[in-house]
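# Structural features, examined
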Amino acid sequence: MNLSIIAAAKFEVEALKNVLEQLGFTPEVHVLGIGALNAAKNARPIAEACRGKNVVFVGTCGSFNHFSKPYLVTGKEVHWLPTSDRMGFSYTIKDTAPSIPLKKRCDLVQGLAEKIILCGPSISTIGTLPEQYAADQCVENLELYSCAAEISAKAAEFSVVLCVTNTVGPDSHSQWKQHFLSAATETAEYFKNALSMRKK
């Protein structure tokens, strides 16, 4: 498998890279940088490096629903929806930030719950959603929208695996700090099991 792994930060992908190498894969690893702006700056060169490859974006996200312990999800669509837009304090100009469907997913993510991934420029401290969004169907991630269109257009496959580490709200960051290391381990273990099953 011609595999490329993308993450916002190196610590999100180190455990996964080690697991893949143990299984005989030699994945390319690309680090976007943390936040929507860094992801946007680095999206084009990373997309070119991933042309024709099987790409997996890994990272963490916050849940708009109840959260008790980390778990993995995948994405079916990515939406640009900053907190201020969700709260009705601002709006994004029509047709400037269309939703991005994730249609090129690999079979390794088929067992994960599919979510709408909402993105914005900053971490939300309030979990209110517009009425057209169901809390149990949405998660928040900072970087994905800024790179998804560029990368999915050039990759052979583009899949997303995110670990839910917190509830979107005032305790987002403290909860994330408790769980981000175990999130990386859980992601690596998921791929280890999925790829081992594929080999059988």
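This structure is a prediction, so every number in the text was calculated from the model and none was measured.

### Topic: the overall build of the protein
- From N to C terminus, the protein includes five helices and eight strands.
- In sequence order, the secondary structure elements of the protein are arranged as β-α-β-α-β-β-α-β-β-β-α-β-α.
- Since a compact globule built from 200 residues should have a radius of gyration of about 16 Å, the 16 Å found for the protein is in line with a globular shape.
- Its C-alpha atoms put the protein at 50 × 35 × 25 Å along the principal axes.
- By the burial criterion, 52% of the 200 residues in the protein qualify as buried.
- In the protein, 78% of the contacts between residues at least 6 apart in sequence involve partners at least 24 apart.

### Some details on the nonpolar core
- Ile-6, Phe-57, Val-78, Leu-144, Ile-151, Phe-158 and Val-160 are the most contacted members of the largest nonpolar core, which totals 28 residues.
- Secondary structure elements with two or more residues in this core: α2 (36-49), β3 (54-63), β4 (71-80), β6 (113-119), α4 (144-154) and β8 (157-167).
- Looking at this core element by element, the count peaks at five residues for α4.
- Counting residues in each nonpolar core, the second largest holds 24 residues, with Leu-3, Ile-5, Val-56 and Ala-194 among its members.

### Details of the confidence of the model for the protein
- Confidence along the protein averages 94 in pLDDT terms, with 98% of residues attaining 70 or more.
- Across the protein, the element-wise mean pLDDT spans from 91 in helix α5 (residues 172-199) up to 98 in strand β7 (residues 138-140).

### Section: α2
- Spanning 14 residues, α2 covers 20 Å between terminal C-alpha atoms, matching the ideal 20 Å at 1.5 Å per step.
- Helix geometry: α2 is bent most strongly at Ala-43, by close to 50°, with proline Pro-45 lying one to four residues after it.
- Residues of α2 that are buried: Ala-36, Ala-39, Ala-43, Ile-46 and Ala-47.
- Here the buried face of α2 lies against β1 (3-7), β2 (28-31), β4 and α4.

### Some remarks on the environment of Thr-187
- Structurally, the position occupied by Thr-187 is in helix α5.
- Thr-187 sits 137 residues away from Cys-50 along the chain, and the two C-alpha atoms are 21 Å apart.
- Apart from residues lying up to four places away in sequence, Thr-187 is in contact with Val-58, Leu-72, Val-161 and Cys-163.

### Some details on the pairing of β8
- Burial analysis of β8 places nine of its 11 residues in the buried class, which makes it a mostly covered element.
- Bridging between β3 and β8 involves 10 bridges; their strand directions are parallel. The partner of Gly-59 across the bridge, within β8, is Leu-162.
- Bridging between β4 and β8 involves three bridges; their strand directions are antiparallel. Bridging across to β8, Val-73 finds its partner in Leu-162.

### Details of the pairing of β4
- Where β4 and β6 come together, seven bridges link them in parallel fashion. Across the sheet, Trp-80 pairs through a bridge with Cys-119, a residue of β6.
- Relative to strand β5 (residues 100-101), β4 runs antiparallel, the two sharing two bridges. Its bridge partner being in β5, Glu-77 is matched across the sheet by Pro-101.

### Quick look at the pattern of salt bridges
- Enumeration over the complete set of coordinates arrives at eight salt bridges.
- The partner of Arg-44 in a salt bridge is Glu-150, with the nearest N and O atoms 3.3 Å apart. Of this pair, Arg-44 sits in helix α2 while Glu-150 sits in helix α4, and the two are 106 residues apart along the sequence.
- With relative accessibility at 56%, the residue Arg-44 sits in the exposed group.
- Residue Glu-150 is classed as partly exposed on the basis of its relative accessible area of 23%.
- Among the salt bridges present, the one from Lys-154 reaches Glu-48, with a minimum N-O distance of 4.0 Å.

Procedures and definitions
- Residues numbered from 1 in each chain as written.
- Predicted model: local features only at pLDDT ≥ 70, side-chain atom pairs only at ≥ 80, totals over all residues.
- Heavy atoms only, no water.
- Helix = DSSP H or I, 4+ residues; strand = E, 2+ residues; numbered from the N terminus.
- Rg over C-alpha atoms; globule rule 2.2 N^0.38 Å.
- Buried < 20%, exposed > 50% of the residue type's maximum accessible area, 1.4 Å probe, protein only.
- Contact = heavy atoms within 4.5 Å.
- Core = buried A, V, L, I, M, F, W, Y, C linked by side-chain atoms within 4.5 Å.
- pLDDT = per-residue confidence, 0-100.
- Expected span 1.5 Å × (residues − 1).
- Bend = angle between axes of the 7 residues up to and from the residue.
- Pairing = 2+ DSSP bridges.
- Salt bridge = Lys/Arg side-chain N within 4 Å of Asp/Glu carboxyl O.

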